[in-house]
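Fold and geometry: a report
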Amino acid sequence: MTSPHDPHDDPRAAAGGGEPSGLDGLFAAPVTPLPPPAGTFAAVRRRAAARRRRRVVAAGAATAVCVAGATAVVALTRPGDPPPVSAPPVSRSSAPVDEDASERGSPSRAEAPSGTGEPSVEASGTGGPASSDPAPEPSGGGGQETGTAPGASGVCGSDQLDLSIAATEGAAGSVYLTLRFTNTGDAACTMTGFPGVSLVAGDGGEQIGAPAERAETDGAPVPVALAPDGSAVTDLRVTQAANHPAEDCDPTPARGLRVYPPDERAALYLPDDALTGCADEDVSLLSVAPVRAEGGA
């Protein structure tokens, strides 16, 4: 049996007696690799970076398309949602315009006669050139009417009312005035809610400080029916300006009171030079209660 390593079976031994051939030397020579051309690796890196950017951009675009599609699907699957409702346009004037104001005329009490030195206050429109009083809001309550004036259905207009002081009472740091509204017209009328009150100064009736705040009440204001020559009253609290530091109050002598009857845009004027107001509108001195039948609680 021949050994797997028998030298007689080696073709090289048979051919050359064991000596290496020239081909063996040629293939056994060391191989020296040639260096790559300059810039090859930089170009490869640039191409790889460009491929990565294209993949990132493609992935972002696919994500955006998916999100947009999902949003559209959600919107289409909610057909029962009501369409948006636009708010109606808001009127700049919430109070009705009294077309008969010019026919009624102006009450003589609201405009001081020329030459008397009293402030001139218009009795139509919004109550005077320098007034910042808001027009009194309709403040009707759900209570029962008081007074005895059958057929009193219309609002008592400024031109049919006389304004006077029914009573004055002093208290610690305040003065309480009871203002009386008397129906001087030939027809019955109704008053409901709070009058608007402010202190005024100067011949032009310039408002002093803030208007009267509405006093807290136990319930809603009730209508007060006034027969001809009938009257209703309201309680006005006037805090003394001396209760506040002069630098905060800016005390200003008043010439009187400007009063808007409830639901009216024409003012009445009540002279009273014993009052002092605060010109600073952040200091509130006046507080007014709703009208009530005279003699009622």
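Worth saying up front: this structure is predicted, and the values here are computed from it rather than measured.

1. Some details on the environment of V200
Following the sequence through the fold, V200 ends up in strand β4 (residues 196-201). Under the relative-accessibility criterion, V200 is labelled buried at 0%. It is 9.6 Å that separates the C-alpha atoms of V200 and T276, two residues lying 76 residues apart in sequence. Residue contacts for V200: discarding those within four places in its chain leaves G205, E206, Q207, I208, A254, R255, G256, L257, R258 and Y269.

2. Observations concerning the state of the cysteines
Scanning all chains against the criterion turns up 2 disulfides. The disulfide partner of C156 is C189, and the S-S distance across this bridge is 1.9 Å. Its S-S torsion of about 90° marks the bond between C156 and C189 as right-handed, since a negative value means left-handed. In this pair, C156 is assigned in the loop between α4 (101-104) and β1 (161-171) and C189 in strand β3 (residues 189-191), connecting sequence segments 33 residues apart. Taken N- to C-terminal, the disulfide-bonded cysteines of the chain are connected 1-2, 3-4.

3. Thoughts on the side chain of T234
Position of T234 relative to the elements: it lies in strand β8 (residues 231-239). Beyond its immediate sequence surroundings of up to four residues, T234 is in contact with L177, T178, L179, F181, P195, V288, A289, P290 and V291.

4. Re unusual backbone geometry
Glycine aside, residues mostly have negative phi, and peptide bonds are mostly found in the trans state. With a phi angle near 55°, D250 is a residue other than glycine that sits in the positive phi range. Here D250 shows up in the loop between α5 (246-249) and β9 (251-253). Non-glycine residue D263 carries a positive phi angle of around 65°.

5. A word on a positive patch on the surface
A surface patch of like charges, here positive, comprises R45, R46, R47, R51, R52, R53, R54 and R55. With respect to the secondary-structure elements, R47 resides in helix α3 (residues 40-76).

6. Brief notes about α3
End to end, α3 covers 54 Å across 37 residues, agreeing with the expected 54 Å (1.5 Å per residue, within 8%). Residues of α3 that are buried: A43, A48, A49 and A50.

7. Things to note about the pattern of salt bridges
Counted according to the given criterion, the structure contains 2 salt bridges. Residues R180 and E294 are paired through a salt bridge, measuring 2.8 Å at the closest nitrogen-oxygen approach. Of the two residues, R180 sits in strand β2 (residues 174-183) while E294 sits in the segment after β14 (292-293), which places them 114 residues apart along the sequence. R292 is paired through a salt bridge with D235; the nearest N and O atoms lie 3.2 Å apart. In this pair, R292 sits in strand β14 while D235 sits in strand β8, placing the two residues 57 residues apart along the sequence.

8. A closer look at the environment of G196
Following the sequence through the fold, G196 ends up in strand β4. G196 gets classed as buried once you look at its relative accessible area, which sits at 15%. For the pair G196 and R265, spaced 69 residues apart in sequence, the C-alpha to C-alpha distance is 9.6 Å.

9. Considering the nonpolar core
Grouped together as the largest cluster of nonpolar side chains are 29 residues, with contacts concentrated most on L179, F181, M191, V197, L226, L236 and L257. Excluding residues within four positions of it along the chain, L179 makes contact with L163, S164, I165, A232, V233, T234, L236, L257, V259 and L270.

10. Thoughts on the pairing of β4
Among the 6 residues in β4, 6 count as buried, and that is most of the element. Burial of the side chains of β4 extends over both faces: G196, S198 and V200 are buried on one face and V197, L199 and A201 on the other. Sheet topology note: the β4/strand β10 (residues 256-260) ladder contains 5 bridges and is antiparallel. Its bridge partner being in β10, S198 is matched across the sheet by R258. Note: β4 against strand β5 (residues 206-208), 3 bridges, orientation antiparallel. The residue of β5 that forms the bridge with V200 is Q207. Counting the residues between successive antiparallel strands, the hairpin from β4 to β5 contains 4 residues, one of them, G202, with a positive phi of roughly 80°.

11. A closer look at the confidence of the model for the chain
On average, residues of the chain carry a pLDDT of 75, and 62% of them reach 70 or more. Ranking the helices and strands of the chain by mean pLDDT puts β3 first, with 97, and α4 last, with 41. Overall, residues 120-148 carries pLDDT values under 50, and its contacts beyond four positions in sequence, including any with other chains, amount to 85 contacts.

Reading the values: rules and limits
Residues numbered from 1 in each chain as written. Predicted model: local features only at pLDDT ≥ 70, side-chain atom pairs only at ≥ 80, totals over all residues. Heavy atoms only, no water. Helix = DSSP H or I, 4+ residues; strand = E, 2+ residues; numbered from the N terminus. Buried < 20%, exposed > 50% of the residue type's maximum accessible area, 1.4 Å probe, protein only. Contact = heavy atoms within 4.5 Å. Disulfide = S-S within 2.5 Å. Patch = residues over 30% accessible without salt bridge, like charges linked within 9 Å, V, L, I, M, F, W, Y side chains within 5 Å. Areas by Shrake-Rupley, 256 points an atom, 1.4 Å probe, with all protein chains shown as cover. Salt bridge = Lys/Arg side-chain N within 4 Å of Asp/Glu carboxyl O. Lys, Arg positive; Asp, Glu negative; His and termini not counted. Charge placed at Lys NZ, Arg CZ, Asp CG, Glu CD. Expected span 1.5 Å × (residues − 1). Core = buried A, V, L, I, M, F, W, Y, C linked by side-chain atoms within 4.5 Å. Pairing = 2+ DSSP bridges. pLDDT = per-residue confidence, 0-100.

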